[in-house]
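Here is what each chain is made of, one letter per residue.
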Amino acid sequence: MALLSKKDSKLILDPLADNNPITIQVLGICSALAITAQLKASIVMAISVIAVLAVGNVVISLMRNIIPSKIRIIVQLIVVAALVIIVDQVLKAFAYTLSKELSVFIGLIITNCIIMGRFEAFALGNGPWRSFLDGIGNAARYGLILVIVGFFRELLGSGTLLGIQVLGDPIAKTGLYAIGYENNGFMLLSPMALIVIGIIIWVQRSRNKELIEE
Amino acid sequence: MEHIELFFKSIFIDNMIFATFLGMCSYLAVSKKVTTAVGLGAAVIFVLAVTVPINWLLDQYILRDGALVWLGEEYASYDLGFLSFILFIATIATMVQLVEIVVEKFSPSLYNSLGIFLPLIAVNCAILGGSLFMQSREIPTLGLALNYGISSGIGWFLAILAIAAIREKIRYSNVPPALRGLGITFIITGLMAIGFMSFGGMLTGGDDDSTSLEGKPENIGIQKEEIQQENIETEKTVEVSTITKQ
């Protein structure tokens, strides 16, 4: 961390701890929960959001003095849409089956509230380097939640991680399955994503009493 | 017949909130009171009904592979599909602005009830999601696209109305302190989504059950690798056949 001053490293680390975009600020839940049934899709989604938010924050921050404030929402939308098209085309070129699975949800990064939220709240008032760090920090914590949810849903739902059977073979009855363990197929259905996040919020707020809402 | 089927399918089975989590941000932020929830819900129906047909026309005559053929034979090989994100979001942003201006001019009372929510809607995932799903499900006619916009808007409206009503009541309940507010809302939404899953059997008669599962990104994990390859190829045709089944 010698590269970063104390204030700069706080920009990355602060969202990682108590100022989490998903569980505290309630931003950016829209486009992501539906794809967390598998860890791999969650990781790809997390990386895409980190790339879009970090680059987008820099672009907006560089343009912040020339954007007329009345049309700034449209300018921001166009910047995000252009970046998301790049991500989408890269995925189609290098991971075609995965991009088919993510289907419309890559496109929905555009309207992910966390991106507009950081543009409005941070990039419009700060320099490019600090905006870049802020983008990485916020998107990383967002990605972390996705990966946690994806990890539990894939592990408990299909007994695999990244497609590798970590709990043994359910058909040949090896590993855990030999003693009568069964996969919980319910974890793969969409409602469980909400309930897993609810539990994460519960754990986080139980550990930090200041976050409790009245 | 296909209109009625698409209508109920979009409201209950493919409900934007409970099946695909679209528009969750405003759903969570604006659902503290029933009256504001109704305002936002009405605005969402309105904007979806306007933007989905317009984006359908754009998709049909500009973006699709070979769509530019009406300009002349030499344009038939163009595929502008990669531009759909930027064109859709630009349409939505301008339409929202336009709708706001027109409503303010001609119906001040409607503007007063919808007004503050309209700018919020430009960045609501449900609106862009409606257009993107319209594109990926290959809705065949303009009438069906209008139907899809209105009915998925109604589905979203019902969802936010229900959660707002529950949240007004839950204030008097004894919720564990750490779950109060956001946490319990997530869990209730999850339970409501489980309830809405029971509508899944409403339109499919027996043997169609498996095909209606395959179309959703959620359920790809269940079928796993052996079907995956085949699944990806047939995914689009399956979706079309469930929409246009007569």
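Residues numbered from 1 in each chain as written. Chains lettered and ligands numbered in written order. Predicted model: local features only at pLDDT ≥ 70, side-chain atom pairs only at ≥ 80, totals over all residues. Heavy atoms only, no water.

1. Comments concerning the overall build of chain B
Moving on, step 1. Looking only at helices and strands, chain B features 13 helices and zero strands.
Moving on, step 2. From first element to last, N terminus to C terminus, chain B shows the α and β order α-α-α-α-α-α-α-α-α-α-α-α-α.
Moving on, step 3. Taken over 246 residues, chain B has a buried fraction of 51%.
Moving on, step 4. For chain B, the proportion of contacts with a sequence separation of at least 24, taken over those separated by at least 6, is 75%.
Moving on, step 5. Counting only carbon and sulfur atoms, one obtains 66% of the accessible surface of chain B, whose full area is about 10,900 Å². (Helix = DSSP H or I, 4+ residues; strand = E, 2+ residues; numbered from the N terminus. Buried < 20%, exposed > 50% of the residue type's maximum accessible area, 1.4 Å probe, protein only. Contact = heavy atoms within 4.5 Å. Areas by Shrake-Rupley, 256 points an atom, 1.4 Å probe, with all protein chains shown as cover.)

2. Brief notes about the packing of aromatic side chains
Residues and elements named next belong to chain B.
Moving on, step 1. The final tally for this structure, using the stated rule, is nine aromatic pairs over all chains.
Moving on, step 2. Seen from their ring centres, Phe196 and Phe199 are 5.3 Å apart, and the 70° between their planes marks the pair as edge-to-face.
Moving on, step 3. The cationic tip of Arg137 hangs over the ring face of Phe133; the distance from NZ or CZ to the ring centre is 4.4 Å. (Phe/Tyr/Trp six-rings, centres within 6.5 Å; stacked < 30°, edge-to-face > 60°. Lys NZ or Arg CZ within 6 Å of the ring centre and 35° of its normal.)

3. A short note on the pattern of salt bridges
Moving on, step 1. Considering all chains together, one arrives at four salt bridges over all chains under this definition.
Moving on, step 2. For Arg118 of chain A, the salt bridge goes to Asp134 of chain A, with nearest N and O atoms at 3.1 Å. Of the two residues, Arg118 of chain A sits in helix 6 (residues 113-121) while Asp134 of chain A sits in helix 7 (residues 128-158), which places them 16 residues apart along the sequence. Note on accessibility: Arg118 of chain A and Asp134 of chain A belong to one class, buried.
Moving on, step 3. A salt bridge links Asp14 of chain B to Arg137 of chain B; the nearest nitrogen and oxygen atoms lie 3.3 Å apart. One end of the pair, Asp14 of chain B, is in the loop between helix 1 (2-13) and helix 2 (16-20); the other, Arg137 of chain B, is in the loop between helix 8 (125-136) and helix 9 (142-170), and 123 residues separate them in sequence. No difference in accessibility class separates Asp14 of chain B from Arg137 of chain B, as the two residues are buried.
Moving on, step 4. In this structure, a network of salt bridges that share partners links the residues Lys9, Asp14 and Arg137 of chain B. (Salt bridge = Lys/Arg side-chain N within 4 Å of Asp/Glu carboxyl O.)

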